[in-house]
Amino acid sequence: MHDEALLIATVAMAFVLAFGLGFLAYHLRLPPLVGYLLAGVALGPFTPGFVADSGMAGQLAEMGVILLMFGVGLHFSAADLMAVRWIAVPGAIGQILLATLLGTGMAMAWGWSLGAGIVLGLCLSVASTVVLLRALEDRNQVTSANGRIAVGWLIVEDLAMVLALVLLPAFAELLGGQAGEHAAEGNLLVNLLITLGKVAAFVTVAILLGPKLVPWLLKQVARTGSRELFTLSVLAVALGIAYGSAKLFGVSFALGAFFAGVVLSESHFSHRAAADSLPLQDAFAILFFVSVGMLFDPSILIREPLAVLAVLLLIIIGKSILAFLIVIIMGYPKSTALTVSASLAQIGEFSFILAGLGVSMGLMPGEGRDLILAGALLSITLNPLAFGAVDRLLAWMRRGTYGEKRLARLQGQLAELRKRTEAREAEHGLQLKNLVELFPIFADLDAQAREDLLLLFRPRTAAPGERIIRKGDRPDAAYFISKGGVQVSVGGREIPLGPGEFFGEMALLSGARRSADVTATDYCQLLMLDQREFRTFVARHPRLREHLDELAAQRSAMNRDGAEPNSVPAA
Ligand code: CMP
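Cut-offs applied
- Residues numbered from 1 in each chain as written.
- Predicted model: local features only at pLDDT ≥ 70, side-chain atom pairs only at ≥ 80, totals over all residues.
- Heavy atoms only, no water.
- Near = heavy atom within 4 Å.
- Polar contact = N/O pair within 3.5 Å; in protein donor to acceptor, adjacent residues only side chain to side chain.
- Areas by Shrake-Rupley, 256 points an atom, 1.4 Å probe, with all protein chains shown as cover.
- Helix = DSSP H or I, 4+ residues; strand = E, 2+ residues; numbered from the N terminus.
- Nonpolar A, V, L, I, M, F, W, Y, C, P; charged D, E, K, R; others polar.
- Salt bridge = Lys/Arg side-chain N within 4 Å of Asp/Glu carboxyl O.
- Buried < 20%, exposed > 50% of the residue type's maximum accessible area, 1.4 Å probe, protein only.
- Phe/Tyr/Trp six-rings, centres within 6.5 Å; stacked < 30°, edge-to-face > 60°.
- Lys NZ or Arg CZ within 6 Å of the ring centre and 35° of its normal.
- Core = buried A, V, L, I, M, F, W, Y, C linked by side-chain atoms within 4.5 Å.
- Contact = heavy atoms within 4.5 Å.

Chemist: Help me understand the site of the ligand in this model?
Modeler: Taken together, 15 residues lie near the ligand, and Gly504, Glu505, Arg514, Ser515 and Asn559 sit nearest. Within the side chain of Glu505, an N or O atom sits 2.5 Å from an oxygen atom of the ligand. Asn559 is positioned such that a nitrogen or oxygen atom in its side chain is 2.7 Å from a nitrogen atom of the ligand. Contact with the protein chains hides 98% of the accessible area of the ligand, taken as 450 Å² for the molecule alone. Elements supplying a minimum of two residues to the shell around the ligand: α20 (505-510) and α22 (542-567). Considered class by class, the residues forming the shell around the ligand number nine nonpolar, three polar and three charged.

Spelled out as structure tokens, the structure:
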């Protein structure tokens, strides 16, 4: 009971304060996330007043990262990732190495040990996904070529951090000199191989199995027509895969969630999944910023102002220059280089995890973590300014042609991929349109219901002379004719039915046996709706039910009238 109340108190206070300060920040023309961060500082243990549970807030923040990465994955196909790999992979690795070197040098100049320097450097070298995406979204750049490069770069950083988290303990031993040289090396190698093997297994499963399994599962859920179940399945897939892959393969939650999104991005459920998870993504992303603020001890600003400034400059200026140079060396234009630089001029979640690990292993002094938190808070706050500076720099710099060709090629490649997705969606749209054009009975259904119906239909063919329904049988399905023709034999009469018409609904509606024989007179393409799906769908759409009832009543009246001439001798 106590814990439950604590959770509610933490979430409630976080939302209330974040809202208030975010709103205030907006009116002061500051980015709202500055308000969220300050809400966190106010709720944290280092400021007076209410103290929220920071462990709990941290976990909620992790949920935010998971949902957000899932959302990014939904807009990112495996092909997009492959398209940017030539710049993202060398760029991210190069930047991590150089930034770590820079950080190590700075720490050693302060008199820290080599191990402490490496941990600090690594922490400063990785950027936060949440912050990056917020920035790209605000500027509508997530799907631009520059945005794709920045996100791809970040994914590679995340992958590299998975390795770093595993290797750090092994290095700790090496640097601490506890284990013998060989034992340590053996350990390192084995650890490295196991980790690489796990990551490879994870990627294989994600690429081979995922794209078949996950869309299939969602399709089954969508067929139920229950929105609630669908939203639930999206959350279950995102969180389930994130947690499962973290447990099984040792990759981070966020990376698992990202691949869950990528796996889904190829199916046309991706839009619905994105729309369903968006409000939760937003809510939890705010908790992420609040929890960063909560960990922050403002006294570090007074205790170590110069060190804080050095860390901040390394993050904002040092890393930016590195990223800028790397992108230019890779042959891309200044606009790309500046966008990537600004995107990565901050640090976040991974830095805290690494810093925590470094401190707990005795590699880095506790003040290192405080410095990193200060650096994170300040660089996140200043990040929108970095983007503003990019615009000004671009306007000021002379527009050269350097690298434009390469960027244009990448843009072309990405546009090609987008076109393919759009073609797929257009085809799906066409199917929907055809459905209504062909079957006027569905004209009243809204877009979602039509989508559901497309999922429920099972295609079936019939050859001329094939009996599809036998009079007196129990009903199993209703049939909608999309091509060909059938003949209904009832009371000695033959009634032809063609494309756009349907049959087999009477017995399903009345619960009686089949009222007539139905035989194909041509090669037919039929859309079948099984009885269970028929009943649930019709029950959910009363207007459709009315139409069907009316039509069935007409048909049975016609059969009764038609039977009369046989029983009553013609006058
Ligand atoms: P059901 O009774 O389930 O199986 C036979 C089907 O033939 C029936 O549903 C109707 O869909 C169709 N049918 C029966 N009578 C007529 C009619 N008079 N005109 C058109 N279709 C009919």
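Chemist: Would you mind going over the pattern of salt bridges with me for this structure?
Modeler: Where charged atoms from two side chains of opposite charge come close, those side chains can pair. The full count for this structure, using the stated rule, is 16 salt bridges. Across the pair Glu466 and Arg460 runs a salt bridge whose closest N-O atoms are separated by 2.9 Å. By relative accessible area, Arg460 is classed as partly exposed at 24%. We note a salt bridge from Arg514 to Asp476, for which the minimum N-O separation is 3.1 Å. With Arg514 in the loop between α20 and β7 (517-520) and Asp476 in the loop between β2 (467-469) and β3 (477-483), this pair connects stretches of sequence that are 38 residues apart. Note on Asp476: relative accessible area 45%, which makes it partly exposed. Here the salt bridges do not stand alone but share partners, grouping Asp297, Arg303 and Asp370 into one network.

Chemist: So what exactly am I meant to see when it comes to the packing of aromatic side chains here?
Modeler: The geometry of an aromatic ring pair is captured by two quantities: the separation of the ring centres and the angle between the planes. Applying the stated criterion to the full structure yields 16 aromatic pairs. For the pair Phe442 and Phe480, a centre-to-centre distance of 5.3 Å together with 40 degrees between the ring planes defines the contact as tilted. Taken together, the residues Phe442 in the loop between α18 (404-438) and α19 (447-456) and Phe480 in strand β3 connect sequence positions 38 residues apart. Considered together, Phe442 and Phe480 belong to a single accessibility category, that of buried residues. Put simply, the rings of Phe439, Phe442, Phe457, Phe480 and Phe502 touch in pairs and so form one group of aromatic residues. Sitting above the plane of the Phe230 ring, Arg272 keeps its charged end 4.1 Å from the centroid. Looking at Arg555, its charged tip hangs above the ring of Phe502, at a distance of 5.3 Å from the centre.

Chemist: Please clarify how the nonpolar core should be interpreted in this entry.
Modeler: Grouped burial of nonpolar side chains is what soluble globular proteins tend to show. Leu124, Trp153, Phe258, Phe289 and Ile372 are the most contacted members of the largest nonpolar core, which has 134 residues in total. Looking at this core, the element that brings in the most residues is helix α8 (residues 145-176), giving 13 residues. Those residues in contact with Ile372 that lie beyond four places of it in its chain are Leu120, Cys123, Leu124, Ile347, Ser351, Phe352, Ala355 and Met364. Ala478, Leu508, Leu527 and Leu544 belong to the second-largest nonpolar core, a separate cluster that totals 23 residues.

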